Amino acid sequence: MTRRLAIAGLFLVLTLLALAARTSVNAQAPGGPVEATVADEKGKPVEDAVVSLMPLGSAPAAPAPSTAIMDQHDKEFVPYVLPVYVGTRVTFPNRDNIRHHVYSFSSAKKFELPLYIGTPAAPVVFDKPGVVALGCNIHDWMLAYIYVLTTPFFTKTAADGKARLEALAPGAYEARVWHPRLRGDTEKTGKPVPLAAGEAAQVSFIVSLKSEWRIPRRIVDPYRGS
Ligand SMILES: [Cu+2]
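Residues numbered from 1 in each chain as written. Predicted model: local features only at pLDDT ≥ 70, side-chain atom pairs only at ≥ 80, totals over all residues. Heavy atoms only, no water.

Enquirer: I would appreciate a short explanation of the overall build of the protein in the present structure.
Expert: When helices and strands are counted, the protein shows one helix and 17 strands. Across the 226 residues of the protein, 39% fall into the buried class. When contacts within the protein are restricted to residue pairs at least 6 apart in sequence, those whose partners lie at least 24 apart make up 65%. Only carbon and sulfur atoms are counted for the fraction: they give 58% of the accessible area of the protein, which is about 13,300 Å². (Helix = DSSP H or I, 4+ residues; strand = E, 2+ residues; numbered from the N terminus. Buried < 20%, exposed > 50% of the residue type's maximum accessible area, 1.4 Å probe, protein only. Contact = heavy atoms within 4.5 Å. Areas by Shrake-Rupley, 256 points an atom, 1.4 Å probe, with all protein chains shown as cover.)

If you want it as structure tokens, here you go:
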């Protein structure tokens, strides 16, 4: 009798252990992917929009410090929009054989990399959230944006206006969109995104964009090299 009870008890314990293991596996299974779509008011896909997800309730754990690259190639910045997590170190390699002079007057990061060829020795640390507009003193048309975020969960739309985020922990999030020409505040674009384990979620934004105005490229005398 006692032995039977012991065996029954053992079974019970094993069953509970198996259940607990299953639950914990479920808890760790990633949610998503989150598929994001950004279009303008006419339904045209919007490229280079940054879609971010902020977990609701608790602040996201900071990822390991990372680095990113803002190239200069053929007298343009590449990419046009670079989203980074706050604290990211960004290098500015110049792949042209002429000199560039990169600067920003944005309050999120004022800096200057005086005339240089190659890669400046020290990367620039983007330690404040916000929008950093980049320019070049020599080539007025050069323009790009570094968008500094306080969540590590972000992505950028391709030419078809679509972007994808994977491997997120299940939970409640708020999605936001940002674009260099966004009319209005990115804070007001928030949409709730509940994310269940192993289930895809969709979020779509219709944004109003300011009209584009870019300084035209100047014909540069190749022999002067500027
Ligand atoms: Cu330049």
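Enquirer: What is the right way to look at the coordination of the copper ion in this model?
Expert: Around a metal, the idealised angle for a tetrahedral arrangement of four donor atoms is 109.5 degrees; for an octahedral arrangement of six donor atoms it is 90 or 180 degrees. The coordination sphere of the copper ion contains the protein donors His100 (ND1), Cys136 (SG) and His139 (ND1), at a distance range of 2.0 to 2.1 Å. Positions of the donor residues of the copper ion along the chain correspond to the pattern H-x35-C-x2-H. With His100 in strand β8 (residues 100-104) and Cys136 in strand β11 (residues 130-136), this pair connects stretches of sequence that are 36 residues apart. When sorted by exposure, His100 lands in the same class as Cys136, which is buried. (Donors = N, O, S within 2.8 Å, 3.2 Å for Na, K, Ca; no water.)

Enquirer: Help me out: how do you make sense of the pairing of strand β17 (residues 201-207) in this one?
Expert: Regular strands place their side chains on alternate faces of the sheet. Residues of β17 alternate between two faces, with Ala201, Val203, Phe205 and Val207 buried on one and Gln202, Ser204 and Ile206 left unburied on the opposite face. Looking at chain direction, strand β1 (residues 34-40) and β17 are connected through seven bridges and run parallel. Each residue of the ladder has a partner; that of Thr37, found in β17, is Ser204. (Pairing = 2+ DSSP bridges.)

Enquirer: Which parts of the structure should I look at to understand unusual backbone geometry?
Expert: Phi is mostly negative for residues that are not glycine, and the peptide bonds are mostly trans. For the peptide bond that leads from Val78 to Pro79, omega is 5 degrees, which places it in the cis range. Its location among the elements puts Pro79 in the loop between β5 (76-78) and β6 (81-85). In this model, Lys75 sits at a positive phi of 55 degrees, which is unusual for a non-glycine residue. Assignment of secondary structure puts Lys75 in the loop between β4 (71-73) and β5. Phi at Ala167 is positive, roughly 55 degrees, even though this residue is not glycine. We classify Ala167 as exposed; its relative accessible area is 64%.

Enquirer: Help me understand the packing of aromatic side chains in this model?
Expert: The geometry of an aromatic ring pair is captured by the separation of the ring centres together with the interplanar angle, meaning the angle of the planes. Here the structure, examined in full by the defined rule, presents eight aromatic pairs. Between Tyr103 and Phe105, the ring centres sit 4.9 Å apart and the planes meet at 40 degrees, which makes this aromatic pair tilted. Measuring from centroid to centroid gives 5.8 Å for Phe111 and Phe126, while their planes differ by 90 degrees, and the two rings are edge-to-face. Taken together, the positions of Phe111 in strand β9 (residues 111-116) and Phe126 in strand β10 (residues 124-126) put the pair 15 residues apart, joining distant regions of the chain. Among the residues examined, Phe111 registers a relative accessible area of 11% and is labelled buried. (Phe/Tyr/Trp six-rings, centres within 6.5 Å; stacked < 30°, edge-to-face > 60°.)

Enquirer: Help me understand the pattern of salt bridges, please; the structure alone is not making it clear to me.
Expert: Close approach of charged atoms allows side chains with opposite charge to pair. Scanning the model with the defined rule gives eleven salt bridges in all. The salt bridge involving Arg217 is made with Glu76; its shortest N-O contact spans 2.8 Å. Pair noted here: Arg217 is in the segment after β17 and Glu76 is in strand β5, with a separation of 141 residues, a long-range link. On the basis of relative accessible area, Arg217 is assigned to the partly exposed category, the value being 39%. Look at Glu76 and you get partly exposed, because its relative accessible area is 21%. As a salt-bridge pair, Glu212 and Arg181 come within 3.9 Å of each other at their nearest N and O atoms. Here Glu212, found in the segment after β17, pairs with Arg181, found in the loop between β15 (171-178) and β16 (191-195); they are 31 residues apart in sequence, far enough to count as distant. On the basis of relative accessibility, which here comes to 46%, the residue Glu212 falls in the partly exposed class. Taken together, the shared-partner salt bridges in this structure form one network comprising Glu35, Arg164 and Glu166. (Salt bridge = Lys/Arg side-chain N within 4 Å of Asp/Glu carboxyl O.)

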